[in-house]
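Residues per chain, in single letters:
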Amino acid sequence: MDRESPWGPIPVADAHVHFFSYQFFEALTAQKPGLTQEGIREQLGWQMPPQDPEQLALHWTQMLDRHNVARAALISSVPGDEGQVIAAVRRYPQRFFGFAMVNPRTWDPARFEAIKTICLFPAMHCYSIQDEVVKPVFEWAQREQRCVFVHCGVLSVGVRERLGLASLFDMRF
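Owing to the predicted nature of the structure, the values given are computational and were not obtained by experimental measurement.

**Observations regarding the nonpolar core**
Reasoning step 1: Phe 96, Phe 112 and Ile 118 are the most contacted members of the largest nonpolar core, which has 27 residues in total.
Reasoning step 2: Secondary structure elements with two or more residues in this core: helix H3 (53–66), strand E2 (71–76), helix H4 (82–91), strand E3 (96–102), strand E4 (117–120) and helix H6 (135–144).
Reasoning step 3: Here this core takes four residues from H4, the largest share from any one element.
Reasoning step 4: Residues in contact with Phe 112, not counting those within four places in the same chain, are Glu 82, Ile 86, Ala 100, Val 102, Trp 107, Ile 118, Trp 140 and Arg 146.
Reasoning step 5: The next biggest cluster of nonpolar side chains, apart from the first, holds 11 residues, and it includes Leu 35, Ile 40, Leu 44 and Met 48.

Okay, structure coming up:
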């Protein structure tokens, strides 16, 4: 039987792609005096992303094609970076689902119209999932028929560790 991909006849979707945008790395540089985009590139050995999120999205579509993956969930990895994911989703709606990390203390639903899943990290942003501050996020998700992903427990952020950035979590949450 001749198959279109090594995965078989069922289209494959990657459910966990961190969309490390230019803005994401800018947010990291702001957290450590003296850290620059060039320093990050040297420390990680990575090519830095283009400033235009649509160019980064094009790169990801090429990677998906190379590995026979039909679609991917792009995750903004810092609060406030959802605009980069939204730009990618708008440019390639047939290839990407938008996920965004949200701190419910700064919740503004108008910023998330193209996002399918909100990602909450209570230990990272120091709130209880039962706190009233989270209620508007869940109400929005129900009204808009969106998903809410809640990360519980220990979280290891490899990029932060490699750059010597603190990953402060309160495990009470």
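**So, the environment of Gly 164**
Reasoning step 1: Its place among the elements puts Gly 164 in the segment after helix H7 (158–162).
Reasoning step 2: On a C-alpha basis, the gap between Gly 164 and Gln 94 in space is 37 Å, while along the polypeptide they are 70 residues apart.

**Considerations on the confidence of the model for the chain**
Reasoning step 1: Averaged over the chain, the pLDDT score is 90; the fraction of residues at 70 or greater is 98%.
Reasoning step 2: H6 holds the highest mean pLDDT among the elements of the chain, 97, whereas H7 holds the lowest, 85.

**Focus on the sheet that holds strand E1 (residues 13–18)**
Reasoning step 1: Read from one edge of the open sheet, five strands run E1-E2-E3-E4-E5, paired in parallel fashion. Across the chains shown, the open sheet's two edge strands, defined by having one partner strand only, are E1 and strand E5 (147–150). Put simply, the sheet's adjacent strands are angled 25° from each other on average, direction ignored.
Reasoning step 2: As paired strands, E1 and E2 are joined by four bridges and run parallel to one another. The residue of E2 that forms the bridge with Ala 13 is Arg 71.
Reasoning step 3: Where H3 meets the sheet, it contacts E1, E2 and E3, and its direction lies at approximately 125° from that of E3.
Reasoning step 4: Along the sheet face, H4 touches E2 and E3 and points at about 170° away from the line of E3.

**A few points about the pairing of E2**
Reasoning step 1: Within E2, five of the six residues are buried, which leaves it mostly tucked inside the rest of the structure.
Reasoning step 2: One ladder, built from five bridges, connects E2 with E3; its direction is parallel. Following the sheet pairing, Ile 75 is matched in E3 by Phe 99.
Reasoning step 3: Tracing the backbone out of E2, into H4 and back to the parallel element E3 gives a crossover that is right-handed.

**What about the packing of H3 against H4?**
Reasoning step 1: Two elements in contact, H3 and H4, have axes separated by 8 Å at closest approach and are oriented at 60°. When the axis of H3 is compared with that of H4, the two are oblique. Our pair here, H3 against H4, has a crossing hand that is right-handed. Residues Pro 53, Glu 54 and Ala 57 of H3 form the contact with H4, whose participating residues are Gln 84, Ala 87, Ala 88 and Arg 91.

**Examining the packing of helix H1 (residues 22–29) against helix H2 (residues 37–44)**
Reasoning step 1: The geometry of H1 relative to H2 is characterised by a closest axis approach of 9 Å and an angle of 100° between their N-to-C directions. Between H1 and H2, the interaxial angle falls into the category roughly perpendicular. Contact with H1, carried on its side by Tyr 22, Phe 25, Glu 26, Leu 28 and Thr 29, involves Gln 37, Ile 40 and Leu 44 of H2 and no other residues of that element.
Reasoning step 2: Looking at the contact of H1 with H2 residue by residue, the classes come out as five nonpolar, two polar and one charged.

Basis of the calculations
- Here the residue numbering is sequential within each chain, running from 1 through the sequence in written order.
- For a predicted model such as this one, the threshold for reporting local features is a pLDDT of at least 70, and the threshold for listing and counting side-chain atom pairs is 80 or more; totals across whole chains, interfaces and linings nevertheless cover every residue.
- Side-chain numbers come from the whole structure's heavy atoms, not from hydrogens or water.
- What makes a nonpolar core is a set of buried Ala, Val, Leu, Ile, Met, Phe, Trp, Tyr and Cys residues whose side-chain atoms join them at distances within 4.5 Å.
- Think of it in three bands: with a 1.4 Å probe and only protein chains considered, a residue is buried below 20% of the maximum accessible area for its type, exposed above 50%, and partly exposed in between.
- Helix and strand assignments come from DSSP, with helices taken as H or I runs of at least 4 residues and strands as E runs of at least 2, each series counted from the N terminus.
- A contact between two residues is defined here by any heavy atoms of the two lying within 4.5 Å.
- Known as pLDDT, the predictor's per-residue confidence is scaled from 0 to 100.
- Strand pairing is defined by DSSP finding a minimum of two bridges between the two strands.
- Axis angles are defined between N-to-C directions and span 0 to 180 degrees, where every axis is a line fitted to C-alpha atoms and, for a helix, only to the segment in contact.
- Note on handedness: a crossover is taken as right-handed if, strands pointing away from the viewer, the path from the first strand over the helix to the second is clockwise.
- To sort the angles, those under 35 degrees are grouped as roughly parallel, those over 145 as roughly antiparallel, those from 65 to 115 as roughly perpendicular, and the leftovers as oblique.
- Each crossing gets its handedness from the near helix: less than a right angle anticlockwise from the far helix is left-handed, clockwise is right-handed.
- Amino acids are sorted into nonpolar (Ala, Val, Leu, Ile, Met, Phe, Trp, Tyr, Cys and Pro), charged (Asp, Glu, Lys and Arg) and polar (every other residue, Gly among them).

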